[in-house]
Amino acid sequence: MNVKLRVAAIGLALSVMAGLVLLVVRPSLNPAHIRPLPLVAAAWVAFLAAAWLLRKVPLRASVVLILLGGIAIQLAAVSAPPKNSDDLYRYIWDGRVQAAGIDPYEYVPAARQLTGLRDELLWHPDAYWCVKPAYVAKHPAAELAAGCTAINRPTVPTIYPPVAEVYFLGVHYLPGSDDSTTPIQATTALVAVLTTVLLLFGLRGLGREVRMAALWSWCPTVALEAGNSAHVDVVAVAIAAVALLVLATARTTRRTILGGVLLGLAIATKVTPVLTVPAVLKRRWLTVAAAAGSAFVVVYIPHVIAVGSKVIGFLPGYLKEEGYTSGTRFGIIGLFVGGRAAIVTAVLVLAVVALAVLRYSDPDQPWRGAVVMTAAALAVTTPPFQWYALLLVMLVALDGHPEWLAFAAAGYYASEPNMGRLTVPYKYHDAFAYGMALLIVLAGWLVRRELARRGIVGTEPVPVVAAEDRLADPVGAF
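Since this is a predicted model, take the numbers as computed values, not measurements.

S.K.: Please give an account of the overall build of the chain that cites residues and values.
M.R.: Each helix and strand counted, the chain has 20 helices and 2 strands in total. The C-alpha atoms of the chain give a radius of gyration of 23 Å, which matches the 23 Å a tight globule of 478 residues would have. With the C-alpha coordinates aligned to their principal axes, the bounding extent of the chain is approximately 75 × 55 × 50 Å. Counting over 478 residues, the chain shows a buried share of 53%. For the chain, the accessible surface area stands at approximately 21,400 Å², while carbon and sulfur atoms represent 68% of it. Looking at charge distribution, the chain has the averaged site of its 38 positive side-chain charges lying 8 Å from that of its 28 negative ones.

S.K.: So what's going on with the packing of helix H10 (residues 233-248) against helix H11 (residues 253-267)? Residues and values would help.
M.R.: For any two helices packed against each other, one specifies the crossing angle of their axes together with the interaxial distance. At a minimum axis separation of 8 Å, H10 and H11 run at an interaxial angle of 160°. When the interaxial angle is binned, H10 and H11 end up roughly antiparallel. Handedness of the H10/H11 crossing: left-handed. Each of Ala236, Ile239, Ala240, Val242, Ala243, Leu245, Val246 and Leu247 in H10 lies in contact with H11, whose residues at this interface are Arg255, Thr256, Leu258, Gly259, Gly260, Leu262, Leu263, Leu265 and Ala266. Counted by class, the contact of H10 with H11 contains 13 nonpolar, 3 polar and 1 charged residues.

S.K.: Please set out the side chain of glutamine 365 residue by residue, giving values where relevant.
M.R.: Positionally, glutamine 365 belongs in the loop between helix H15 (339-360) and helix H16 (366-381). For glutamine 365, the side chain forms a polar contact with the side chain of arginine 208, separated by 2.6 Å.

S.K.: Can you break down unusual backbone geometry residue by residue, with the values?
M.R.: The phi angle at alanine 230 is positive, at roughly 55°, despite the residue not being glycine. Here alanine 230 is to be found in the loop between helix H9 (220-228) and H10. The exposure class assigned to alanine 230 is buried, which follows from its relative accessible area of 0%. Phi is positive for arginine 284, close to 50°, though the residue is something other than glycine.

S.K.: Got a sec to walk through the environment of glycine 205? Specific residues and values, please.
M.R.: By secondary structure assignment, the location of glycine 205 is in helix H7 (residues 182-206). Using a relative accessible area of 66% as the deciding quantity, one classes glycine 205 as exposed. A C-alpha to C-alpha distance of 40 Å links glycine 205 and glycine 313, two positions 108 residues apart in sequence.

S.K.: Just give me the short version of the packing of aromatic side chains, but keep the residues and values in it.
M.R.: In this structure the tally under the stated criterion is 15 aromatic pairs. Between tyrosine 318 and phenylalanine 385, the ring centres sit 6.5 Å apart and the planes meet at 35°, which makes this aromatic pair tilted. Here the residue tyrosine 318 occupies a position in helix H14 (residues 315-321), and phenylalanine 385 occupies one in the loop between H16 and helix H17 (390-399), the gap between them amounting to 67 residues. Taken individually, tyrosine 318 and phenylalanine 385 each receive the classification buried, so the pair is uniform in this respect. Three or more aromatic residues joined by ring pairs make a cluster, and in this case those are Tyr91, Tyr160, Tyr167 and Phe168. A cation sits over an aromatic face here: arginine 55 above tryptophan 52, 3.7 Å from the ring centre. Sitting above the plane of the tryptophan 123 ring, arginine 118 keeps its charged end 3.7 Å from the centroid.

S.K.: How would you summarise H15 if you had to cite specific residues and measurements?
M.R.: What sets the pattern is the α-helix's 3.6 residues per turn: residues three or four places apart point alike. Look at H15: 32 Å from first C-alpha to last across 22 residues, which is about the 32 Å you get at 1.5 Å a residue. Within H15 the residues assigned to the buried category are Ala342, Ala346, Val353 and Val357. Taken down its axis, H15 places every buried residue within 40° of arc, on the same side. Exposed positions of H15 whose direction lies more than 90 degrees from the buried face are Arg340, Val347, Leu348, Val352, Leu355 and Arg359. Those residues of H15 hidden inside the fold are in contact with helix H12 (277-280) and H16.

S.K.: So what's going on with the nonpolar core? Which residues, and what values?
M.R.: Of all hydrophobic cores here, the largest spans 139 residues; its most connected members are Ile10, Trp216, Trp218, Met394 and Phe407. Per-element accounting of this core gives the leading share, 13 residues, to H10. Apart from the residues within four sequence positions on either side, tryptophan 216 is in contact with Ala192, Thr195, Thr196, Leu199, Val222, Val234, Val237, Leu390, Val393, Met394 and Ala397. The next biggest cluster of nonpolar side chains, apart from the first, holds 6 residues, and it includes Tyr324, Ile333, Ala342 and Ala346.

Cut-offs and rules
- Residues numbered from 1 in each chain as written.
- Predicted model: local features only at pLDDT ≥ 70, side-chain atom pairs only at ≥ 80, totals over all residues.
- Heavy atoms only, no water.
- Helix = DSSP H or I, 4+ residues; strand = E, 2+ residues; numbered from the N terminus.
- Rg over C-alpha atoms; globule rule 2.2 N^0.38 Å.
- Buried < 20%, exposed > 50% of the residue type's maximum accessible area, 1.4 Å probe, protein only.
- Areas by Shrake-Rupley, 256 points an atom, 1.4 Å probe, with all protein chains shown as cover.
- Lys, Arg positive; Asp, Glu negative; His and termini not counted.
- Charge placed at Lys NZ, Arg CZ, Asp CG, Glu CD.
- Axes fitted to C-alpha atoms, helices over the stretch in contact; angles between N-to-C directions.
- Parallel < 35°, antiparallel > 145°, perpendicular 65-115°, else oblique.
- Left-handed = near helix turned anticlockwise from the far one by under 90°.
- Contact = heavy atoms within 4.5 Å.
- Nonpolar A, V, L, I, M, F, W, Y, C, P; charged D, E, K, R; others polar.
- Polar contact = N/O pair within 3.5 Å; in protein donor to acceptor, adjacent residues only side chain to side chain.
- Phe/Tyr/Trp six-rings, centres within 6.5 Å; stacked < 30°, edge-to-face > 60°.
- Lys NZ or Arg CZ within 6 Å of the ring centre and 35° of its normal.
- Expected span 1.5 Å × (residues − 1).
- Arc of directions from axis to C-beta.
- Core = buried A, V, L, I, M, F, W, Y, C linked by side-chain atoms within 4.5 Å.

Below is the structure:
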């Protein structure tokens, strides 16, 4: 296939993907009422086909396709209110509370003290989450005010860390943020696009395959969870990507401290980047740990001073609600043991993986160990929330093993497994989703090993930028 045909085919695949994203976020355009899962699955097929075709497209054209395709898919996602998650309404509320001079950890959304901040966007009679007068009467000590809201769990405190709260406050001041979800959706989509730019520069600077940035830019998870659902995880992932790129090239103490600080800020945005920590401790571990820990503590200090232990927020309640404290959430482990034994098993598995990553990780390429650690965490905890895999998608773009994206795809099945007659029994669907991802990764490893044995491919999973690309485009991708 010549270059023009490849580019045309990629354009067609990305157009199909954008159309499928539109069908997911705008059900009114789906007269056949096709379930979201088949639409998302088809989007994944289009994405993988486009990424496969991109391999032999010249570098400059590839960069243009990666950027324009990513932007187009994000625009499709932003074009409708959030479809699969209502978390962004809490983001908007937390920003509004802070703008009023109130610490976001001080009161729950339904608190009587905050009734003056209610408006039609977040509080209206048709909203899903209702605090009824009877509930208010039964909990007089909570000082609640009745009402229906788009904010999930309005009677519990926020769960988001301080850097995320700063982001929410910043978005609050954008035009239109008081009466629309579009500003925060567009901002998060922009962060996703900027992460693509960061990956392009980072991969080029490392001498690695720049085209791998498409694995982030075009991924359905990034489109749906950034542009549509506006999950703050995207911001945490962007900061974590900068931190990893800095630490991978750190040869001085000052640069190591910078990378550690950035990693601490990423963890203080959403806790998931903590999974990258074992992979970055091989070089100057004490400096990295001290810098990251200090940054994490510093951003919490103002809130601890203001509200004390309330900064913990809803985290303990969330772990209990999701079944992690009872041992019922671990889908794969739960096939063998339950209760406290499942918790102990989960901790032991993650500890063993963390130690292995710490022992064998390459400090020049920390994303390799981080991919293993993050995927292991997903396999153990089997979350029904697909946006938890956003960190993994970024790491895969840096590492270059696309089979690990199976864990990101698995999140969609875990969150909505209804496939009519083909639906897996409820108690098995998490294990099925993430178990299939494990099998795909294992198959990918076996295939690569066999090809390497035959000398068909090298042992290096991600080739460096080809010499002809460097000569044809001496200034790189830009």
